[in-house]
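Residue strings, one per chain:
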Amino acid sequence: MLKENGKTSAPFFSLPKLDDPQQRIDLTSIKGKQTVVYFFAPWCSICKYSMPNLDKLYKNNELNAIAIALDYPDIQSVHQFSEALSLSMPILLGDSTTAQNFKVKAYPTYYVIDENLKVVERSVGYSSELGIKIRL
């Protein structure tokens, strides 16, 4: 995983949105606001339990969040996953380069990126709403 010392810059990304693959979101779009960048796979059972906790905080405007899908067989599987959980946060379609740049080895993995695009926190595995809030 990337170091969370507040000195490590988040790796650049420019990825297509799940709901509109012609539109892309990149790292610079989150500059100025602390953001949770959450990496998941649609087959990950822990992600199914953890993502709604993050999405609830996002819906309540308690944090900014972006989810990045990795290790998926096709876009439809990511759509099905997102729809089954009624997710509202932006979901991006990542790839093996994204996983490598962020050193994602397990799911879910997430990083808290500060307003200056530095990594200030990281975690792997299930997180409750409280667990996420504590890391902010």
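Because the structure is a prediction, the values reported are computed rather than measured.

(A) Focus on the nonpolar core. Membership of the largest hydrophobic core comes to 44 residues, with the highest contact counts inside it found for F39, F40, M51, L54, I68 and I113. Broken down by secondary-structure element, the contributors of at least two residues to this core are strand 3 (35-40), helix 1 (45-59), strand 4 (64-69), helix 2 (75-85), strand 5 (91-93) and strand 6 (109-113). Ignoring sequence-local partners within four residues, the contact set of F39 consists of I68, L70, T98, F102, V104, Y107, P108, T109 and Y111.

(B) A look at the sheet that holds strand 4. Read from one edge of the open sheet, 5 strands run 5-4-3-6-7, paired in mixed fashion. Either end of the sheet is taken by a strand with one partner, and the two such strands are strand 5 and strand 7 (119-124). Strand-to-strand twist in this sheet, taken as the mean axis angle between neighbours without regard to direction, amounts to 20°. Note that strand 6 and strand 7 share 5 bridges and pair antiparallel.

(C) Broad picture of the packing of aromatic side chains. Scanning the entire structure with this criterion turns up 7 aromatic pairs. Seen in terms of ring centroids, Y38 and Y110 are 6.2 Å apart; in terms of plane orientation they differ by 15°. Their pairing is stacked. Highlighted residues: Y38 in strand 3 and Y110 in strand 6, separated in sequence by 72 residues. When the ring of F40 is compared with that of F81, the centres are 5.0 Å apart and the planes differ by 20°; the resulting orientation is stacked. Of this pair, F40 sits in strand 3 while F81 sits in helix 2; the two residues are 41 residues apart in sequence, bridging distant segments of the chain. Each member of the pair, F40 as well as F81, is classed as buried. Taken together, the ring pairs in this structure connect F13, F39, F102 and Y111 into an aromatic cluster.

(D) Spotlight on a nonpolar patch on the surface. Taken together, I46, Y49 and Y126 make up a surface patch of nonpolar side chains, about 360 Å² in accessible area. Along the polypeptide, Y126 turns up in the loop between strand 7 and helix 4 (129-135).

(E) Just the environment of V37, in detail. Here V37 shows up in strand 3. Taking the C-alpha atoms as reference points, V37 and D19, separated by 18 residues in sequence, lie 18 Å from one another. The residues touching V37, leaving out its near neighbours within four places in the chain, are I30, I66, I68, T109, Y110, Y111 and I113.

(F) How the structure looks around the pattern of salt bridges. Under the criterion given, the structure shown has 5 salt bridges. Notably, a salt bridge pairs R122 with E4, separated by 3.0 Å at the nearest N-O pair. Of this pair, R122 sits in strand 7 while E4 sits in the segment before strand 1 (14-16), and the two are 118 residues apart along the sequence. Classification of R122 as partly exposed rests on a relative accessible area of 28%. On the basis of relative accessible area, E4 is assigned to the partly exposed category, the value being 31%. In this structure, the salt-bridge partner of E62 is K133, at a minimum N-O distance of 3.0 Å.

Cut-offs used in this document
Residues numbered from 1 in each chain as written. Predicted model: local features only at pLDDT ≥ 70, side-chain atom pairs only at ≥ 80, totals over all residues. Heavy atoms only, no water. Core = buried A, V, L, I, M, F, W, Y, C linked by side-chain atoms within 4.5 Å. Buried < 20%, exposed > 50% of the residue type's maximum accessible area, 1.4 Å probe, protein only. Helix = DSSP H or I, 4+ residues; strand = E, 2+ residues; numbered from the N terminus. Contact = heavy atoms within 4.5 Å. Pairing = 2+ DSSP bridges. Axes fitted to C-alpha atoms, helices over the stretch in contact; angles between N-to-C directions. Phe/Tyr/Trp six-rings, centres within 6.5 Å; stacked < 30°, edge-to-face > 60°. Patch = residues over 30% accessible without salt bridge, like charges linked within 9 Å, V, L, I, M, F, W, Y side chains within 5 Å. Areas by Shrake-Rupley, 256 points an atom, 1.4 Å probe, with all protein chains shown as cover. Salt bridge = Lys/Arg side-chain N within 4 Å of Asp/Glu carboxyl O.

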